[in-house]
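Listed below are the residues making up each chain.
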Amino acid sequence: MSGWRIGVDVGGTFTDVALVEEATGRVGVYKVPTTVGEPVSGVLEGVREGLAREGLDSADVVYFGAGSTLAVNTIIQRSGEPTGLLVTQGFRDVLEIRRTRLPDAPSFEAARPVPLVRRAHVREVRERVGADGAVLRPLDTDSVVQGVEELLEAGVTALAVSFLHTYINPAHEQVAQAAIAECWPDLFVCASWETWPQQREYERTLVCVMNAYVGATMRSYYGKLEEGLRAMGIGCPVQITQSNGGTVSIGEAARIPVRTMFSGPASGVMAAAKAAREYGEAKLFTLDMGGTSADMSLIDGAPRVSVESTIGDFPLFLPAVAIETIGAGGGSIAWVDPHGVLKVGPRSAGADPGPACYDRGGREPTVTDAYLVTGVLGENDLLGGRMTLSRARAEDAVGSLGEALGMETIRAAEAVLRVATANMVASFLPMIARYGVDHREFSLQAYGGAGPTHAFMLAAEAGIQRLVIPHAPGAMCAVGAAVADVQMDFVRSVRAGLSDEKGMEEMFTEMEETARSWLAEQGLETASAEFERSADMRYEGQSFEIMVGLDRNGDAQEAFQRRYEETFGYLDPDSAIEVLQIRMLARVPNRMVGAASSRLCESDRPEPVETREVTHQGRQLAVPVYQRARIPTGLKLSGPAVLLQYDTTVFVTPGFAFWADAAGNLHAEADG
Amino acid sequence: MSETFTPKSDPVLFEILRCQFQGVVEEMGELLTHCGHTVFVKETQDFIVALVTPRGEVAACSVDIGLWIGVGQNFKAVFDAGGPYRPGDVWFTNDPEQSRGLVTHLLDVFCWRPIYHEGELVCFAAAFIHCTDVGGLAPGSIAPSAVDQHQEGVVIPVTRLVAEGEMREDVLRIFLRNCRVPDKNRGDVLAMLGALKRAELRVTGLAEKFGGDVLRTALDDVLDYAEAQARSLIREVPDGDYAFWDYLEGDLMPEGRHVRIRLTLRIRGDEMLLDFEGTDPQVAAAFNLPSYSTDGHYLLVMGVVNFMRSVNPHTVYNSGLVRAVRVNAPRGSLLNPEPGAPIGARQATFFRVADIVLGALAHAWRERMPAAGCGQGSIMVMAAPDFSTGTNLVSTVQPLVGGSGARPWDDGTEGVDFTTGFYRNIPNEVLESEMPVLVERYALIPDSGGAGRTRGGCGLHYSLRLLVPGGVVTARGMERFHFQPWGREAGRPGDTGRAFLQAPGEEPRQIEKINVLDVPAGGVVHAHSAGGGGFGPPRERDPALVLRDVEDGLVTPESAGEVYGVIIQDGRILEKETEERRRLLADEGDGATPPAPFSFGVNREAFERLWPDDLQLAVNRATEGIPPAIRQHVRFEAMRAVEEARSVVEPLDESWLEARVSEIIERMSPRSTHSA
């Protein structure tokens, strides 16, 4: 009997559990409510339910992967540990001063930025290292111990250590860590050289501080999770998805939890990438549209990685699957400004009270209400009819918007969808520009609660020709956690000219050795491991690097020039090129074989469950509604159509043909 | 009531294109930051990127990146001066006179590129970057003490830099040959050209999809939309004439005289006039602001635009906002000098103008406007030889900003003021790896924020050690060393700024504002910026907040007791003692009822006892019409006469003053000096 992989994703409202059979790729998905404050019990309950429904027992589980939004929420809700910070003398205010620029620069009504660590909890340490790594003032260990003592007295329970220039020479931080560990072996302490060793003191310190801030929460969650799974008899390795889309052992994740900050959404992208590999697409965008936002990422062979993301009020500088929020979600509120211009978002009705049509007290019109009014969504579509929407509420809400706009309700609903789409396109275009790709070569894979509903409207507006709706769009992050590869980033600051390519080769070789021993420590076999090289490069004098993928023995200069021109549209052939950091990504692919058919077709000609009136682009359309599960493999149908499934509704707009593949993915292509 | 706004485009299409235009300019900014070479471009983002209509109005301008001074940049004069335009052209200039005040100091190099669709002009993509150095008498090209514009660097009249896609290398060479850091400037210019090219790609893409006419109409629409938003905001401010003035301090001015900027903000319905009648004459120092009295001039309306953006965060950011804002800046005054006047340090002036606008609005809306912030966006620049090669290294060191003013409902922000809130600082680790320096301190200054019910933000202490001999440090735009940032409604003013020079092995010695300062190897320059003013009586501040400030080291226990009346012992508030102390403070009249709208601090109060408003106005009136080069001397003589004859002129007798001025002119005329 073949083994099963389990993936879980703990979200704010639901905990999703995905079970994937290794031999066949068959996927089963379960949703249970998230237990606030005790996320592990929700996970265990979901796993128990999933195993029972599939008729499995714990011995069948060969792999367990978990992702969550716990760390992100800890930052956004400011519910982390009281954290202390040790800094170089003279730089107590690194978090207060930030990069000085205010988020809404000139506004005197904007809220004050409030750091994660109170000024009272920052201590200066006597030490100094120069920009070249030379020690200018030796570390005064007494000032470290004394500082920590004071902080503990003040109630601090986690500690970050961040001195200047430790990206080039971490010795002082390491000595300080050792001194602290000697006195307080149980204190959560992390240092900036180990969380992410990059230049720029504010950014590096912030990564370290976030790590300490979420450390205890994440450690306790990981501890309880492992304990709970063992108690259930699940003895397989437990892996945690990181922001970079790969997984690490639960022990490694607990050591540097900041790396798992975006584990949930990154898992979703990895699941999309995996699915795309299986159906044979290398170039695609993903669209994950939920209640509050629509997020996109780019997969060009592999998911694009970015070193800068945003969490709440803070930038986070760590490699992560590049995920960009491009616009509104299903719960985003539509409103009319005093000059009669229609706007959508950024406010969201969230899960509570939710859109007006949820009839839980929300009165403001949302994107979901517009779906309902235009007929894209039916009153009984969601969760197999277990959740009913109120058309009357939706019409009231959108109707009042229409009054303000001087439009009929139905026109107002359409306008809401058009503006929401336009917002997405406006963010989408700069995004593809930054990535330097031609978007017409790419398809779009859409998931999340509203992704499949909105994807065709976005594709039509953005000029995307091909779409895919994966088999389980409502639980992609859990699926991703089940199928992700083990993956780890290694980075080394070099700061050298290109002339030293031989030196680079040596460093890459060294790094590969380090990576291999890391994999061995993780108990992984290294024979199947892949090692991807890249370098952060720029023209001498610039401050920002681009990440350039390098082949073994490839010409780094040529690779840089090509990437630079793709990205920025010009070249500066007279300028010298420098390398700032070299990176290595070590990956051990999971043992999954290709996915096979997830379910068989019951009939070869689908019967619509009903025909629905949908208003789209000023026209009334009679749209057939199908159960998605009844769409037979390979049969080509034409939009418009509405497809119902447990966790979402797919709206195929006119002008697209669609069909299902053997793995249960729905494909679509623009006519002509 | 709101202005009605009916876009000529389909209203939904209008919003769609508005989003797209914004996307284009933000992308330009990203590109420029990522590709820029000087820290001032790549870290501080001292640039503007915009889409501009053929009439010269900025229709879209980045807000997430770059400076917030794009609104009101008027490109009409430079568009007219350039051309005929061809696809693929880029024109550039840094000429204040020919650009009629689009360029306001020589470091700002503007570029613009026409964008065509089907052979017809759609709009221009435009940008400026602050070049780190364009020659002149000091590294970084700005010395506050410059006496004319030619000391401030090279001037490029409106010139074609790229001809139909081909760079004119000879033109670029002439420019770069005059700069101290030609390679870095070149990198920045290439990055700027890259941003313009990207804008062209995007806009032509939109034109192909929607049509050129649709785009032209939509660009007009976004301007009309902003105008409608602005007019309804102005309408909310009660009609009236609101007078307010403030000073640029005299240390680096001729004769050490403070220079006053006087504003009457006139609100009538949905129109606003910024009338600077009464402002002091232009000076023979680099603080003049060449606005050419242009309506809606970007450096005079900053306060207005910031106000609009604060009150309504959905305000669209383009020049439509200032169509209803007219300007009167008298010719020959600080804000509209004769061509050729030195202008390098004019940012001290426009930051002060912005504060003055907010002060005038505070007369209209007492409970809505904040206290004054640090009042400086000073830029420290340095030059030093590379120790091994001897190459002259020039770099911006840090924008020196300070605390913001307290808001009626919340404290100010620490270490950064709203008005200068667009500056990004330079990471010390980046600076230390590019320049032979060590940053020794970058920290908030306790007790520098003005006390109040809500507290002003604290100022910053920045210390820079030079590691090689022959180093020079300049800092343009240091202000608020004498006149404190004002408090509001019985809130205390913020602490002033200071500067110190510390020779190796010695204690810091207080110095005046930095002009061009030689620093020995191992010497340390310390700069303190001002804290923001407080709002409301300090004794009304929540004691728990005072305790928190003490714990955080932003307020000392002494000030907590003396100023706030909160007595703290062993980390706890002593309730009874606090109550007593606060009662005492109330009795002493701290926060007399009703409180004055502004507390200006002792130095300004003392100065204005000597020089009340009407007397300052009278001196300016009596010397009006005299050519600037002569007027300065006559005016100073007249002021000395007033100071000597103080008792005679109280109450003010204007005919006495006029008689003195006639005498002085007579005495100074070539005839008299010849006979002397």
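Every chain's residues receive numbers from 1 upward, in the order its sequence appears when written. The lettering of chains begins at A and the numbering of ligands begins at 1, in the order of writing. Local features in a predicted model are, by the rule used here, given only for residues with pLDDT of at least 70; side-chain atom pairs are given and counted only at 80 or more, and totals for whole chains, interfaces and linings are based on all residues.

Colleague: Report on the overall build of chain B, specifying residues and quantitative values.
Modeller: Helix and strand content of chain B: 17 helices and 24 strands. Taking 2.2 N^0.38 as the reference for a compact globule, 676 residues should give roughly 26 Å; the C-alpha atoms of chain B span a radius of gyration of 26 Å, in line with that estimate. C-alpha atoms of chain B, sized along the principal axes, occupy 80 × 70 × 60 Å. Whether a residue is buried, exposed or partly exposed is read from the other C-beta atoms within 10 Å of its own C-beta, which are placed from the backbone; 20 or more gives buried, 12 or fewer gives exposed, and intermediate counts give partly exposed. Going through the 676 residues of chain B one by one, you find that 59% of them count as buried. Partitioning the intrachain contacts of chain B with sequence separation of at least 6 by distance along the chain shows that 73% fall at a separation of at least 24. Under the scheme used here, helices are H or I runs from DSSP no shorter than 4 residues and strands are E runs no shorter than 2 residues, and both carry numbers assigned from the N terminus. Throughout, radius of gyration means the C-alpha value; the globule benchmark is 2.2 Å times the number of residues raised to the power 0.38. In this description, any two residues whose backbone-derived C-beta atoms lie within 7 Å of each other are considered to be in contact.

Colleague: Just give me the short version of the overall build of chain A, but keep the residues and values in it.
Modeller: What chain A contains, in helices and strands, is 16 helices and 35 strands. Radius of gyration (C-alpha) of chain A: 26 Å, near the 26 Å computed for a compact globule of 672 residues. Taken over the C-alpha atoms alone, chain A extends approximately 80 × 65 × 55 Å along its principal axes. Look at the contacts in chain A between residues 6 or more apart in sequence, and 66% of them connect residues 24 or more apart.

Colleague: Provide a residue-level description of the sheet that holds strand 8 (residues 240-248) of chain B, including the pertinent values.
Modeller: Residue and element names in this part refer to chain B. DSSP bridges decide pairing: two strands pair if at least two such bridges lie between them. With respect to topology, four strands assemble into an open sheet ordered 8-9-10-11, the strand pairing being mixed. Two strands bound the open sheet, and with one partner strand each, they are strand 8 and strand 11 (325-328). With strand direction ignored, the average angle separating the axes of adjacent strands in the sheet is 20°. One ladder, built from five bridges, connects strand 9 (residues 259-268) with strand 10 (residues 271-275); its direction is antiparallel. Looking at strand 10, one finds that arginine 266 is bridged to leucine 273. For helices, the fitted axis covers only the stretch in contact; all axes are lines through C-alpha atoms, and the angles between them, taken along N-to-C directions, range from 0 to 180 degrees.

Colleague: Just give me the short version of the interface of chain B and chain A, but keep the residues and values in it.
Modeller: Interfaces are often sized by the accessible area lost when the parts come together. With 72 residues of chain B in contact, the opposing surface of chain A contributes 56 residues. Breaking the side of chain B that touches chain A down by element, the ones donating at least two residues are helix 1 (11-35), helix 5 (182-210), helix 6 (212-236), helix 7 (302-311), helix 9 (428-434) and strand 14 (437-444) of chain B. It is helix 1 of chain B that contributes the most residues to the side of chain B that touches chain A, 15 residues altogether. Looking at the side of chain B that touches chain A, its residues break down into 25 nonpolar, 23 polar and 24 charged. Under the scheme applied here, ten amino acids are nonpolar (Ala, Val, Leu, Ile, Met, Phe, Trp, Tyr, Cys and Pro), four are charged (Asp, Glu, Lys and Arg), and all others, including Gly, are polar.

Colleague: So what about the pairing of strand 10 (residues 188-191) of chain A? Which residues, and what values?
Modeller: Of the pairings in the sheet, the one linking strand 9 (residues 158-162) of chain A to strand 10 of chain A comprises four bridges and is parallel in character. Note that in strand 10 of chain A the partner of alanine 158 of chain A across the bridge is phenylalanine 188 of chain A.

Colleague: Can you lay out the pairing of strand 2 (residues 58-61) of chain B for me, pointing to particular residues and giving the numbers?
Modeller: Residues and elements named next belong to chain B. In terms of strand pairing, strand 1 (residues 47-52) meets strand 2 through three bridges, oriented antiparallel. Paired with leucine 51 across the bridge in strand 2 is alanine 60. The hairpin formed by strand 1 and strand 2 contains five residues between the paired strands, and glycine 56 there has a positive phi angle of roughly 100°.

Colleague: Break down the sheet that holds strand 5 (residues 83-88) of chain A for me, citing the residues and quoting the values.
Modeller: Residue and element names in this part refer to chain A. One open sheet accounts for four strands, arranged 6-5-9-10; its pairing is parallel. What marks the edges here is a single partner per strand, and that holds for strand 6 (122-125) and strand 10. Each adjacent strand pair in this sheet contributes to an overall mean axis angle of 20°, direction not counted. Its contacts with the sheet put helix 5 (residues 171-183) on strand 5, strand 6, strand 9 and strand 10, and the angle it makes with strand 10 is roughly 170°. Against the sheet, helix 7 (residues 201-231) contacts strand 5, strand 9 and strand 10, and its axis sits at roughly 165° relative to strand 9.

Colleague: Which residues make up the environment of arginine 360 of chain A, and what values do they have?
Modeller: Residue placement: arginine 360 of chain A occurs in the loop between strand 22 (342-348) and helix 10 (367-374). Not counting residues up to four positions away in its chain, the partners in contact with arginine 360 of chain A are Asp352, Pro353 and Gly354 of chain A.

Colleague: Quick rundown of the nonpolar core? Include the residues and the values.
Modeller: By definition, a nonpolar core groups buried Ala, Val, Leu, Ile, Met, Phe, Trp, Tyr and Cys residues that are joined through C-beta atoms within 7 Å. Among the nonpolar cores identified, the biggest contains 393 residues, and Cys111 and Ala127 of chain B are the most heavily contacted of them. Among the elements that line this core, the one with the most residues is helix 7 of chain A, at 14 residues. Excluding residues that lie within four positions of it along the chain, alanine 127 of chain B makes contacts with Met28, Leu32, Phe47, Ile48, Val49, Ala50, Cys111, Met192, Ala195 and Leu196 of chain B. Core analysis: the next-biggest nonpolar cluster, separate from the first, contains nine residues, Val619, Val634, Leu657 and Ile664 of chain B among them.

Colleague: Would you mind going over the packing of helix 9 (residues 263-279) of chain A against helix 14 (residues 476-483) of chain A in detail, with residue names and values included?
Modeller: All names here are of chain A. Look at helix 9 against helix 14: their axes get within 7 Å of each other, and the N-to-C directions meet at 75°. When the interaxial angle is binned, helix 9 and helix 14 end up roughly perpendicular. Side by side, helix 9 and helix 14 meet where Gly264, Pro265, Ser267, Gly268, Met270, Ala271, Ala272 and Lys274 of the first sit next to Met476, Cys477, Val479, Gly480, Ala481 and Val483 of the second. Note on angle classes: values under 35 degrees are labelled roughly parallel, values over 145 roughly antiparallel, values of 65 to 115 roughly perpendicular, and the remainder oblique.

Colleague: Can you break down the domain arrangement of chain A residue by residue, with the values?
Modeller: For the domain bounds, the source is a domain assignment made automatically or taken from a database. Segmenting chain A into domains produces domain 1 (4-74 + 221-281), domain 2 (78-214), domain 3 (443-459 + 466-479 + 597-670) and domain 4 (486-588). In this structure, domain 2 of chain A and domain 4 of chain A have C-alpha centres spaced 28 Å apart.

Colleague: Provide a residue-level description of the domain arrangement of chain B, including the pertinent values.
Modeller: Residues and elements named next belong to chain B. If you check the domain split of chain B, you get domain 1 (11-230), domain 2 (375-537 + 591-597) and domain 3 (611-675). Computed from C-alpha atoms alone, the centre-to-centre distance between domain 1 and domain 2 is 30 Å. Across the side of domain 1 that touches domain 2, the residue classes break down as 10 nonpolar, six polar and three charged.

Colleague: Give a description of helix 10 of chain A that names residues and reports values.
Modeller: Counting buried residues in helix 10 of chain A gives eight out of eight residues, a clear majority hidden from the surface. Looking at the residues trailing helix 10 of chain A, positive phi occurs at glycine 375 of chain A, about 95°.

Colleague: I'd like a description of the packing of helix 5 of chain B against helix 6 of chain B, backed by residues and values.
Modeller: Residue and element names in this part refer to chain B. Axis separation between helix 5 and helix 6 bottoms out at 7 Å; the angle between their running directions is 115°. Judged on the interaxial angle alone, helix 6 and helix 5 are roughly perpendicular. Of the residues in helix 6, those in contact with Leu206, Ala207 and Phe210 of helix 5 are Gly212, Val214 and Leu215. A class-by-class count of the residues in the contact of helix 5 with helix 6 yields five nonpolar, one polar and no charged.

Colleague: I'd like a rundown of helix 9 of chain A, residues and numbers included.
Modeller: With 17 residues, helix 9 of chain A ought to run about 24 Å at 1.5 Å a step, and its terminal C-alpha atoms sit 24 Å apart, in line with that. For helix 9 of chain A, the buried fraction is high: 14 of the 17 residues fall into the buried class. Given a helix with a known number of residues, its expected span is that number minus one, times 1.5 Å.

Colleague: Please set out the confidence of the model for chain A residue by residue, giving values where relevant.
Modeller: The predictor rates its confidence in each residue with pLDDT, a number between 0 and 100. On average, residues of chain A carry a pLDDT of 88, and 95% of them reach 70 or more. With pLDDT under 50 throughout, residues 596-603 of chain A is counted as low confidence; its partners more than four residues away or in other chains account for 18 contacts.

Colleague: Would you mind going over the environment of proline 342 of chain B in detail, with residue names and values included?
Modeller: All names here are of chain B. Here proline 342 lies in the loop between strand 11 and helix 8 (346-364). Judged by the 27 C-beta atoms lying within 10 Å of it, proline 342 falls in the buried class. The sequence separation of proline 342 and asparagine 620 amounts to 278 residues, and the corresponding C-alpha distance is 21 Å. For proline 342, the contacting residues outside a window of four places in its chain are Ala146, Val147, Asp148, Gln149, Gln151, Glu152, Ala285, Ala286 and Asn288.

Colleague: Break down unusual backbone geometry for me, citing the residues and quoting the values.
Modeller: At the junction of glycine 639 of chain A and proline 640 of chain A, the peptide bond is cis and its omega measures out at 5° in the coordinates. Position of proline 640 of chain A relative to the elements: it lies in the loop between strand 31 (637-638) and strand 32 (641-645). The backbone phi angle of glutamate 164 of chain B is positive, close to 45°, even though this residue is not glycine. As for its position among the elements, glutamate 164 of chain B is in the loop between strand 6 (159-163) and strand 7 (166-167). When the 10 C-beta atoms within 10 Å are taken as the criterion, glutamate 164 of chain B is described as exposed. For arginine 480 of chain B, which is not glycine, the phi torsion reads 65° and is therefore positive.

Colleague: Give me the confidence of the model for chain B: which residues, what numbers.
Modeller: Low pLDDT means the predicted coordinates in that region are not meant to be read closely. Considering every residue of chain B, the mean pLDDT works out to 93; 98% of them sit at 70 or more. Here the prediction assigns the complex a pTM of 0.88, and the interface score ipTM is 0.90.

Colleague: Account for the environment of aspartate 132 of chain A, naming residues and giving values.
Modeller: Note that aspartate 132 of chain A resides in the loop between strand 7 (128-129) and strand 8 (135-137). By the C-beta count within 10 Å, which is 12 here, aspartate 132 of chain A ends up exposed.

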